Amino acid sequence: MTSFLPETSRKIFTPEALRSAAKQSQRCLVVPVHLRRAIKKYLREQEEPHVKRKVLRLSESLNAIKEVNSQLVTTSSRELVEDPLKSSEQSKQRWKIKSSYGDIGFKYRDDETIAYVASRMPAVFSACYRVLKEVRRRLPGFSPARVLDFGAGTGSAFWALREVWPESLEKINLVEPSQSMQRAGRSLIQGLKNLPLIHGYDSIQALTKSIKKSEREHDLVIASYVLGEIPSLKDRITVVRQLWDLTQDVLVLVEPGTPQGYNIISQMRSHILWMENRKCRKSKAANIASKDLVVAQKSSAFIVAPCPHDGPCPLAKTSKYCHFVQRLERTSSQRAYKRSKGEPPLRGFEDEKFCFVVIRRGQRPREPWPLDGTEFETLKEQQAKRNPEDLEIEYEDLIKLQQEADDNPYEQVDPSTYDSDAMESDAQEEDEGEEQEEEEQEQEETTSADLGGGWGRIIFPSVRRGRQVTMDICRSTKRDCSEGSFERLVITKSKNPTLHHQARKSLWGDLWPF
């Protein structure tokens, strides 16, 4: 493939570099040993009976929240999402930003908190880790120092932040209205070393009153699995507007991978983009001075992930919804408390479905598309240029090719032999973690997918049939990424063997070059 690339880009876009840049999905994730031990220690200290029953009640409560969210019809709330400042009752008065979050929605008491730590915390951590890991890959120079975690709960996102950016974190503000959740979060981090400065607050109002105005802007703001627990669309929009005002660079929203979670993410995404586009239109209409052009450029925003464009979601008016999955190995507490008598034993892993959006302030960079100027040969053309010596394959090479063809997206875990709380030595664990992190950082520095456009997103599992691969891809249709579309691509080996090889290696959630 390199022989068909322009001289200026031949050093950058090799087949290996393209595959590495497109790879965003994570294979079966192992929850860090420190977190597994902290959860096990916390549950041992509580000594609460009937934990299985509490886990079941928590699951029923979360299902009830889904029913409340499904009652919010998207069509009736369209005007509120696009322009909440316009109201028939307050046509001449500006809608003030207020929120009653903390007084409404689902409340976590001691029983719910214990059940959450035992059953849900590892899964929420895995989803947050997957999202933040992609943020680091797509934004190689981004290293947040000040972070705001809204709806922090027991600290799932905090643990993911420590795994992704262990060196750059300096100060973290946690907003969590549940006192029980706050106590559990403090208990879980006891004994950890090199912790950043942590402050906890009951609400956003308490946060803004306690810190200086110059310290309110955060490099990264994350709200994971919390907006769906606010059964009021107006309050959700209010909270997201407040979080966006507290964001200096990147805002991350994560919700469960359900139709309701997708609707929430889609609505909040549309509202933020509408607000920033409205500011840009006002700035242009006012004929601002040249010295204020920089301020006007900072008022815009663009989508980092998962959307490859800033236009309306092409799945909004269809029966499909955009979501992803992260497989994780179950911890011993999950296998113990999720299992009930009479049922078959749980598998050693579970799949956590999630929806997310990452929004960054500023204008989208203008970069060339990854396959600009690239030409591909068909399989017949490649075979015509082969020499007879090239057709000789040694036995060892044949075995390697067969192993690559049978490569599974996820490794199966045997629940009878897997022990999630194996007592590895801390020194060995730290050495392996540092080596793996250094290798990943070196790879990400050279093979990160740029944000200029031309990278589509595989939003559903691919279908592999013989020598063809069918993929559902969300892509940008314009060079400025202002519009997007949903397309189904069929990659055949005969017409394009190079891209066919990459398609076979691509997974649900990966990027696809155009």
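Conventions used here
- Residues numbered from 1 in each chain as written.
- Predicted model: local features only at pLDDT ≥ 70, side-chain atom pairs only at ≥ 80, totals over all residues.
- Heavy atoms only, no water.
- UniProt positions renumbered as here; feature names shortened; annotations may be inferred.
- Helix = DSSP H or I, 4+ residues; strand = E, 2+ residues; numbered from the N terminus.
- Buried < 20%, exposed > 50% of the residue type's maximum accessible area, 1.4 Å probe, protein only.
- Contact = heavy atoms within 4.5 Å.
- Areas by Shrake-Rupley, 256 points an atom, 1.4 Å probe, with all protein chains shown as cover.
- Pairing = 2+ DSSP bridges.
- Salt bridge = Lys/Arg side-chain N within 4 Å of Asp/Glu carboxyl O.
- Core = buried A, V, L, I, M, F, W, Y, C linked by side-chain atoms within 4.5 Å.
- Domains from an automatic or database assignment.
- Axes fitted to C-alpha atoms, helices over the stretch in contact; angles between N-to-C directions.
- Parallel < 35°, antiparallel > 145°, perpendicular 65-115°, else oblique.
- Left-handed = near helix turned anticlockwise from the far one by under 90°.
- Nonpolar A, V, L, I, M, F, W, Y, C, P; charged D, E, K, R; others polar.
- Phe/Tyr/Trp six-rings, centres within 6.5 Å; stacked < 30°, edge-to-face > 60°.
- Lys NZ or Arg CZ within 6 Å of the ring centre and 35° of its normal.

Looking at an unreviewed UniProt entry, one finds the protein chain named Methyltransferase-like protein 17, mitochondrial, with Juglans regia as its source organism. Under Subcellular location (unreviewed entry), UniProt gives the following word-for-word description of the protein chain: "Mitochondrion".

*Asks:* Could you clarify how one ought to interpret the overall build of the protein chain in this entry?
*Replies:* A count of helical and extended segments in the protein chain gives 17 helices and 13 strands. Each of the 514 residues in the protein chain was classed as buried or not, and the buried ones make up 50%. Of the contacts formed within the protein chain by residues at least 6 apart in sequence, a portion of 82% connects residues at least 24 apart. Accessible surface for the protein chain amounts to roughly 26,600 Å². Of this, 48% is attributable to carbon and sulfur atoms.

*Asks:* Can you walk me through helix 8 (residues 179-188) in this structure?
*Replies:* In an α-helix, one turn spans 3.6 residues; hence positions three or four apart end up facing the same way. Turning to helix 8, its buried residues number three or more, namely Ser180, Met181, Gln182, Ala184, Gly185 and Leu188. Next to the buried residues of helix 8 lie helix 2 (33-46), helix 5 (110-119), helix 6 (121-138), helix 7 (156-164) and strand 3 (197-201).

*Asks:* I would appreciate a short explanation of helix 7 in the present structure.
*Replies:* Burial runs high along helix 7: seven of the nine residues are buried. Of all the positions in helix 7, only Ser156, Ala157, Phe158, Trp159, Ala160, Leu161 and Val164 are classed as buried.

*Asks:* Would you mind going over the pairing of strand 7 (residues 324-329) with me for this structure?
*Replies:* Each regular strand carries side chains that alternate between the two faces of the sheet. Burial analysis of strand 7 places six of its six residues in the buried class, the great majority of the element. Here strand 7 shows no split at all, with Phe324, Gln326 and Leu328 on one side and Val325, Arg327 and Glu329 on the other all buried. Bridging between strand 7 and strand 8 (residues 349-361) involves six bridges; their strand directions are antiparallel. Residue pairing for strand 8: Phe324 is matched across the bridge by Phe354.

*Asks:* It is not clear to me how the pattern of salt bridges should be interpreted in this structure. Could you clarify?
*Replies:* Where charged atoms from two side chains of opposite charge approach closely, those side chains can pair. Per the counting criterion, the structure on display carries 16 salt bridges. We note a salt bridge from Glu134 to Arg130, for which the minimum N-O separation is 2.6 Å. On the criterion of helical spacing, the pair formed by Glu134 and Arg130 is a turn pair, its members being four residues apart in helix 6. For Glu276, the salt bridge goes to Arg361, with nearest N and O atoms at 4.0 Å.

*Asks:* Even after reading the chapter, I still don't get the nonpolar core, so can you show me in this structure?
*Replies:* Burial of nonpolar side chains together is a common tendency in soluble globular proteins. Within the largest apolar cluster, 99 residues are counted, with the highest numbers of intra-cluster contacts made by Trp159, Trp165, Leu220, Leu243 and Val358. It is helix 6 that provides the largest number of residues to this core, a total of 10 residues. Of the residues that make up this core, three or more belong to each of domain 1 (32-76 + 97-361) and domain 2 (368-378 + 447-513). In contact with Trp165, not counting residues within four places along its chain, are Leu132, Val135, Arg136, Phe142, Ser143, Pro144 and Leu220. Among the nonpolar cores identified, the runner-up in size contains 11 residues, and Ile458, Val469, Ile473 and Trp512 belong to it.

*Asks:* Can you walk me through unusual backbone geometry in this structure?
*Replies:* Pro306 follows Ala305 through a cis peptide bond whose omega is -5°. If you trace the backbone, Pro306 turns up in the loop between strand 6 (301-305) and strand 7. At Tyr225, a residue that is not glycine, the phi angle is positive and equals roughly 55°. Tracing the chain through its elements places Tyr225 in the loop between strand 4 (218-224) and helix 10 (233-245). Look at Tyr225 and you get buried, because its relative accessible area is 11%.

*Asks:* Teacher, can you tell me more about the packing of helix 2 against helix 8 here?
*Replies:* Packed helices, taken two at a time, are described by their axes: the angle between them and the distance between them. One way to put it is that helix 2 packs onto helix 8 with a least axis distance of 9 Å and a crossing angle of 125°. Overall, the two elements helix 2 and helix 8 adopt an arrangement that is oblique. In terms of crossing hand, the pair formed by helix 2 and helix 8 is right-handed. Where helix 2 abuts helix 8, its residues Ala38, Ile39, Tyr42 and Glu45 lie against Ala184, Ser187 and Leu188. Counted by class, the contact of helix 2 with helix 8 contains five nonpolar, one polar and one charged residues.

*Asks:* Quick question: what am I supposed to make of the packing of helix 2 against helix 5 here?
*Replies:* For the pair helix 2 and helix 5, interaxial distance at closest approach is 10 Å and the crossing angle is 145°. Crossing handedness for the pair helix 2 and helix 5: left-handed. In this structure, helix 2 contributes Ile39, Tyr42, Leu43 and Gln46 to the contact, and helix 5 contributes Thr113, Ile114, Val117 and Ala118. Residue composition of the contact of helix 2 with helix 5, by class: six nonpolar, two polar and no charged.

*Asks:* Even after reading the chapter, I still don't get the packing of aromatic side chains, so can you show me in this structure?
*Replies:* If you walk through the whole model with that rule in mind, you get seven aromatic pairs. Judged by centre distance (6.0 Å) and plane angle (25°), the ring pair of Phe125 and Tyr129 falls under stacked. On the criterion of helical spacing, the pair formed by Phe125 and Tyr129 is a turn pair, its members being four residues apart in helix 6. In this structure, Phe125 and Tyr129 share a single accessibility class: buried. Ring centres 6.5 Å apart and planes at 45° place the aromatic pair Tyr262 and Tyr321 in the tilted group. Placement of the pair is Tyr262 in helix 11 (residues 259-285) and Tyr321 in the loop between strand 6 and strand 7, with a sequence separation of 59 residues. A relative accessible area of 8% means that Tyr262 is categorised as buried. Here the aromatic cluster, defined as three or more aromatic residues joined through ring pairs, consists of Phe324, Phe354 and Phe356. Here the basic side chain of Arg361 rests over the ring of Trp244, its NZ or CZ set 4.1 Å away from the ring centre. For Arg479, the ring lying beneath its charged end belongs to Trp369, and the centroid distance is 4.5 Å.

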